[in-house]
Amino acid sequence: KEDSQFPLTVIVDEARGTAEELSKVKDVLGTFSTSFKTSSAARSANVRNGCELINGTILYPGDEFSTYAAVSPFTEANGYYLAGSYLNGQVVDSFGGGICQDSTTLYNAVLLAELEVTERHNHSMIVKYVEPSMDAAIAEGAKDFRFVNNTEAPIYIEGYTYGGKIYFNLYGEEYRPADRKVTYESETLETIDPTTELTADPEKAFGSMEQIQSAHTGYKAKLWKIVTENGEQVSKEEVNNSYYQMTPNKYKVGVKTSNAEASSVMYTAIANNDLNQVYVVLNQYGG
């Protein structure tokens, strides 16, 4: 039997980053933190999990980082729990709820490092852990936060949580003059107060009330980048414009009663979306 011979192609994967390149990673280019102390246990676990998945990333010059790629999939197997998130103007439970606090905290560290942001989206509704226009939302198939290492040295991302806060530090080689400082300023252009929407529930006892959606104030805002040199402002430029939708307070009001007059008056108050009038009717007719 003759020996068979097969040609083999050998592909050698060279390690990225020489010792010389990595030795440049010694300066803090940007650092930022946000608090999740008031979050539920499930949401807190999601924030910590996302942080761990991002921590330790190294970006070489020209590399683009995708936050969504780093922290997905949003599954139980990947360490996530059900927690509140925004969907179509409502707060719903989903796996990974709270993960946008990771992308938001990282976004602000990136801004302070003055790296190149290639994709950023605001939330559909306002968040409380940063000022308007300082957030960065991610959502499967729709929103990502991406940025590029536009420096000439590697960037190392350090992420950790401690004492109910999440921290991101970006290390690299400082390329900016020591007298140059950058800050960011949120400006609210418009505030949209929430309305009230009432719905009659003929199956519930007269006067019973159930809140089915909590209100969110709407905002229009922009973010400014302010650069100073030797203590003097040299530039002020717009970073982004953001719109956060208003969502109304929604209540179901019970109207089940044998009192036709009370029922009629209550239906009128509900049709007018007048919560104060609902209370007046309740005081008048009981409930």
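Residues numbered from 1 in each chain as written. Predicted model: local features only at pLDDT ≥ 70, side-chain atom pairs only at ≥ 80, totals over all residues. Heavy atoms only, no water.

Colleague: Would you explain the side chain of Asp-135 in this entry?
Modeller: Note that Asp-135 resides in the loop between strand 6 (116-119) and strand 7 (146-148). A residue is classified by how much of its surface remains accessible, and Asp-135, at 1% relative accessible area, is buried. There is a polar contact of 2.5 Å between the side chain of Asp-135 and the side chain of Tyr-244. Contact partners of Asp-135, with chain neighbours within four places excluded, come to Thr-104, Tyr-107, Arg-120, His-121, Asn-122, His-123, Val-127, Val-130 and Tyr-244. (Helix = DSSP H or I, 4+ residues; strand = E, 2+ residues; numbered from the N terminus. Buried < 20%, exposed > 50% of the residue type's maximum accessible area, 1.4 Å probe, protein only. Polar contact = N/O pair within 3.5 Å; in protein donor to acceptor, adjacent residues only side chain to side chain. Contact = heavy atoms within 4.5 Å.)

Colleague: Help me out: how do you make sense of the pattern of salt bridges in this one?
Modeller: For side chains bearing opposite charge, pairing can occur when the charged atoms are close. Taken as a whole and assessed by the stated rule, the structure comprises 15 salt bridges. Two residues, Lys-26 and Asp-27, come together in a salt bridge whose shortest N-O distance is 4.0 Å. Residue class for Asp-27 comes out partly exposed when judged on its relative accessible area of 22%. Here the residues in one salt-bridge network are Glu-114, Glu-174, Arg-176, Arg-180 and Lys-225, joined through shared partners. (Salt bridge = Lys/Arg side-chain N within 4 Å of Asp/Glu carboxyl O.)

Colleague: Would you explain unusual backbone geometry in this entry?
Modeller: Leave glycine aside and you will find that most residues have negative phi; peptide bonds, for their part, are mostly trans. Residue Ser-72 is joined to Pro-73 through a cis peptide bond whose omega torsion reads 5°. Structurally, Pro-73 is set in the loop between helix 3 (67-71) and strand 4 (82-87). For Ser-133, which is not glycine, the phi torsion reads 75° and is therefore positive. Within the secondary structure, Ser-133 is located in the loop between strand 6 and strand 7. The phi dihedral of Asn-230 is positive, around 55°, even though this residue is not glycine. By the element assignment, Asn-230 lies in the loop between strand 13 (218-229) and strand 14 (232-244).

Colleague: Explanation requested: the environment of Gly-79 in the structure shown.
Modeller: Relative to the elements of secondary structure, Gly-79 occurs in the loop between helix 3 and strand 4. Overall, Gly-79 belongs to the partly exposed group, its relative accessible area being 27%. Along the backbone, Gly-79 and Asn-46 are 33 residues apart, and their C-alpha atoms lie at a distance of 7.5 Å.

Colleague: Even after reading the chapter, I still don't get the sheet that holds strand 14, so can you show me in this structure?
Modeller: Strand pairing in a sheet takes place through backbone hydrogen bonds and is either antiparallel or parallel in direction. As summarised here, the arrangement of the 3 strands in space is 10-13-14, forming an open sheet in which the pairing is antiparallel. The outermost strands of the open sheet, each flanked by one partner alone, are strand 10 (180-192) and strand 14. Neighbour to neighbour, the strand axes of the sheet diverge by 20° on average, direction disregarded. Bridge analysis of strand 10 against strand 13 gives 12 bridges, and the strand direction is antiparallel. If you follow Ser-186 over to strand 13, its bridge partner there is Leu-223. (Pairing = 2+ DSSP bridges. Axes fitted to C-alpha atoms, helices over the stretch in contact; angles between N-to-C directions.)

Colleague: What is the right way to read the sheet that holds strand 15 (residues 249-256) from this model?
Modeller: Ordered by their spatial adjacency, 3 strands build an open sheet running 11-15-12, and the pairing between neighbours is mixed. Each edge of the sheet is formed by a strand with only one pairing partner; in this case those strands are strand 11 (196-205) and strand 12 (209-213). If you compare each strand with its neighbour and ignore which way they point, the axes differ by 30° on average. Of the strand pairs in this sheet, strand 11 and strand 15 are connected by 7 bridges, and their pairing is parallel. Across the sheet, the residue bridging to Glu-197 is Lys-250, located in strand 15.

Colleague: Help me out: how do you make sense of the nonpolar core in this one?
Modeller: Side chains that are nonpolar tend, in soluble globular proteins, to be buried together. Judged by nonpolar contacts, the single largest core of 36 residues is most densely connected at Leu-106, Phe-145, Phe-147, Ile-157, Phe-168 and Leu-170. Only helix 2 (41-54), helix 4 (100-113), strand 8 (155-162), strand 9 (165-172), strand 10 and strand 13 provide two or more residues apiece to this core. The biggest single contributor to this core is helix 4, with 7 residues. Of all hydrophobic cores here, the second largest spans 13 residues; its members include Val-255, Ala-262, Ala-269 and Ile-270. (Core = buried A, V, L, I, M, F, W, Y, C linked by side-chain atoms within 4.5 Å.)

Colleague: Which parts of the structure should I look at to understand the packing of helix 5 (residues 260-271) against helix 6 (residues 275-285)?
Modeller: Helix-helix packing: each pair is described by the crossing angle between the helix axes and the interaxial distance. Direction vectors running N to C along helix 5 and helix 6 enclose 165°, while the axes themselves pass 9 Å from each other. With respect to helix 6, the element helix 5 is oriented roughly antiparallel. Crossing of helix 5 against helix 6: the hand is left-handed. Contacts between helix 5 and helix 6 involve Glu-261, Ala-262, Val-265, Met-266 and Ala-269 from the former and Gln-277, Val-278, Val-281, Leu-282 and Tyr-285 from the latter. (Parallel < 35°, antiparallel > 145°, perpendicular 65-115°, else oblique. Left-handed = near helix turned anticlockwise from the far one by under 90°.)

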